[in-house]
Amino acid sequence: MPTVSSRVVAEIYRGIEFPGDWIDKPDVLNLGMARNLLVSEAALFDDNLKPIAVCWRVDGREERFVHAQSSDPDGSSLLDQLHRDLSDESLHLGPADLLATMLWAPDELRSDQGQPVHQIVFAQGRPGYNSSMTGWNIPARTLVAKAGDLLFMTRRADDGLVFPMPTDLEEMHRKLGSGDQKILIVMPGGVAITTDTQIGRKMALLFGGLIVLGALISAFLLRQG
């Protein structure tokens, strides 16, 4: 009986439900905002990173489960049906390998597949003060306008495991474990990204205001001196 050494558990949702005032206060993107579960997947591997058990469900269809067989000692065909299902769904979003890349190599997403959405810091606050200015690498208005196309993935990769390969779906579910998940949000490559022409103007006004404020503070201190 093969022994499990590592696993990957992931869910990919399509669409994000933004609060009505999110554009004015675009502070967070979290799992509670994800809309429709597109793919759920769990894969177990041996110590040679050979897949030995996989379960998945795509777009609400019946869940599938496969495990290693003596007729396929290297596990080369174990992921074939999963990859076909992922490819079929990916073609509705962009390149055929989009979902598989998100699942197996999220750090290697290509520009033609899509653009990761992540938070950025415009201005760092002073230590001890919560005054940092944050935003997103894609304009908030664009994210809201394309909300239905965004992909939201939670993913967990665990290693150092030691337990026998599950032989049925119920046992597989018991072996999925729990733990901290990483989040990846992607705007698929087939979705056009517009530029928020107001961002530059807003930032210029902001920093212009900070300069004026600094001048006023300096003048005040000089008068006090």
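Cut-off values and rules
Per chain, the residues get numbers from 1 upward, laid out in the order the sequence is written. Only residues with pLDDT of at least 70 get local features here, since the model is predicted, and only at 80 or more are side-chain atom pairs given and counted; chain-wide, interface and lining totals rely on the full set of residues. Calculated side-chain values reflect all of the structure's heavy atoms, with hydrogen atoms and water omitted. Numbering goes from the N terminus for both helices and strands, where a helix is a DSSP run of H or I of at least four residues and a strand is a run of E of at least two. Whether a residue is buried, partly exposed or exposed follows from its accessible area with a 1.4 Å probe, protein chains only, as a fraction of its type maximum: under 20%, in between, or over 50%, in that order. Whether two residues touch is decided by their heavy atoms; if any such pair falls within 4.5 Å, the residues are in contact. Where accessible areas are quoted, they stem from the Shrake-Rupley method and a 1.4 Å probe; at the residue level, only the protein chains shown are allowed to cover. Cavities and pockets were defined on a 1 Å grid built over protein atoms only: a cavity is a set of grid points that admits a 1.4 Å probe from which the probe cannot escape, a pocket is an open set flanked by protein on both sides within 12 Å along at least five of seven lines, and lining residues are those with an atom within 4 Å of any such point. Grid points are joined across faces, edges and corners, and a volume is the space filled by probe spheres set on the points. Residue polarity follows a fixed list, in which Ala, Val, Leu, Ile, Met, Phe, Trp, Tyr, Cys and Pro are nonpolar, Asp, Glu, Lys and Arg are charged, and the others, Gly among them, are polar. By this definition, two strands are paired if DSSP reports at least two bridges between them. Note on geometry: axes are lines fitted to C-alpha atoms, helical ones only across the stretch in contact, with angles between N-to-C directions running from 0 to 180 degrees. Definition used in this section: a nonpolar core is a set of buried Ala, Val, Leu, Ile, Met, Phe, Trp, Tyr and Cys residues joined via side-chain atoms within 4.5 Å.

A. How the structure looks around the overall build of the protein chain. Within the protein chain, the secondary structure is distributed over five helices and nine strands. Evaluated residue by residue, the protein chain yields a buried proportion of 40% over its 225 residues. Taking as baseline every contact in the protein chain between residues at least 6 positions apart, the subset at least 24 positions apart corresponds to 66%. Here the protein chain has roughly 13000 Å² of accessible surface; of this, 52% comes from carbon and sulfur atoms.

B. Representation of the layout of surface pockets. Taken as a whole, the second largest pocket encloses approximately 220 Å³ of empty space. Lining the second largest pocket we find Pro 106, Asp 107, Met 153, Arg 155, Arg 156, Ala 157, Asp 158, Asp 180, Lys 182, Ile 183 and Leu 184. Only β8 (151–164) and β9 (182–188) provide two or more residues apiece to the lining of the second largest pocket. Looking at the lining of the second largest pocket, its residues break down into five nonpolar, no polar and six charged.

C. Local environment of the pairing of strand β3 (residues 51–58). Within β3, seven of the eight residues are buried, leaving the element largely enclosed by the surrounding structure. Bridge analysis of strand β2 (residues 34–45) against β3 gives seven bridges, and the strand direction is antiparallel. Bridge pairing in β3 links Ala 42 to Cys 55. The turn joining β2 and β3, which pair antiparallel and follow one another in sequence, is formed by five residues; a positive phi near 60° is taken by Leu 49. For β3 and strand β4 (residues 64–67), the ladder comprises four bridges, and the chain directions are antiparallel. Its bridge partner being in β4, Ala 53 is matched across the sheet by His 67. A loop of five residues connects β3 with β4, the two strands running antiparallel in sequence, and Asp 59 in this loop sits at a positive phi of about 55°.

D. Broad picture of unusual backbone geometry. In this model, Leu 49 sits at a positive phi of 60°, which is unusual for a non-glycine residue. If you trace the backbone, Leu 49 turns up in the loop between β2 and β3. Taking the relative accessible area as the measure of exposure, Leu 49 reaches 61% and is therefore exposed. A positive phi angle is found at Asp 59, which is not glycine, with a value near 55°. Here Asp 59 shows up in the loop between β3 and β4. Of the residues examined, Asp 59 reaches a relative accessible area of 44% and is grouped as partly exposed.

E. Up close: the sheet that holds β2. Read across the open sheet, the seven strands follow the order β4-β3-β2-β1-β8-β9-β5; overall the sheet is antiparallel. Both outer strands of the open sheet, β4 and β5 (114–116), are each paired with one neighbouring strand and no more. Strand-to-strand twist in this sheet, taken as the mean axis angle between neighbours without regard to direction, amounts to 20°. Of the strands in this sheet, β2, β3 and β4 are in contact with helix α1 (residues 80–90), which crosses β3 at around 30°.

F. Examining the environment of Thr 154 more closely. For Thr 154, the location among the structural elements is in strand β8. Residues Thr 154 and Val 9, 145 residues apart in the sequence, show an inter-C-alpha distance of 8.3 Å. Setting aside residues no more than four positions away along its own chain, Thr 154 makes contact with Val 9, Ala 10, Glu 11, Leu 31, Gln 181, Lys 182 and Ile 183.

G. Inspection of the nonpolar core at higher detail. In terms of nonpolar packing, the biggest core is built from 25 residues, with Leu 99, Met 102 and Leu 151 touching the most fellow members. Those elements giving two or more residues to this core turn out to be β1 (3–16), β2, β3, α1, α2 (98–104), β8 and β9. Considering each element in turn, this core owes the most residues, five residues, to α2. Apart from residues lying up to four places away in sequence, Met 102 is in contact with Ile 12, Leu 109, Leu 151, Met 153, Arg 155, Leu 184 and Val 186. Formed by 17 residues, the second largest nonpolar core is a distinct cluster that contains Tyr 13, Phe 18, Ala 34 and Val 117.

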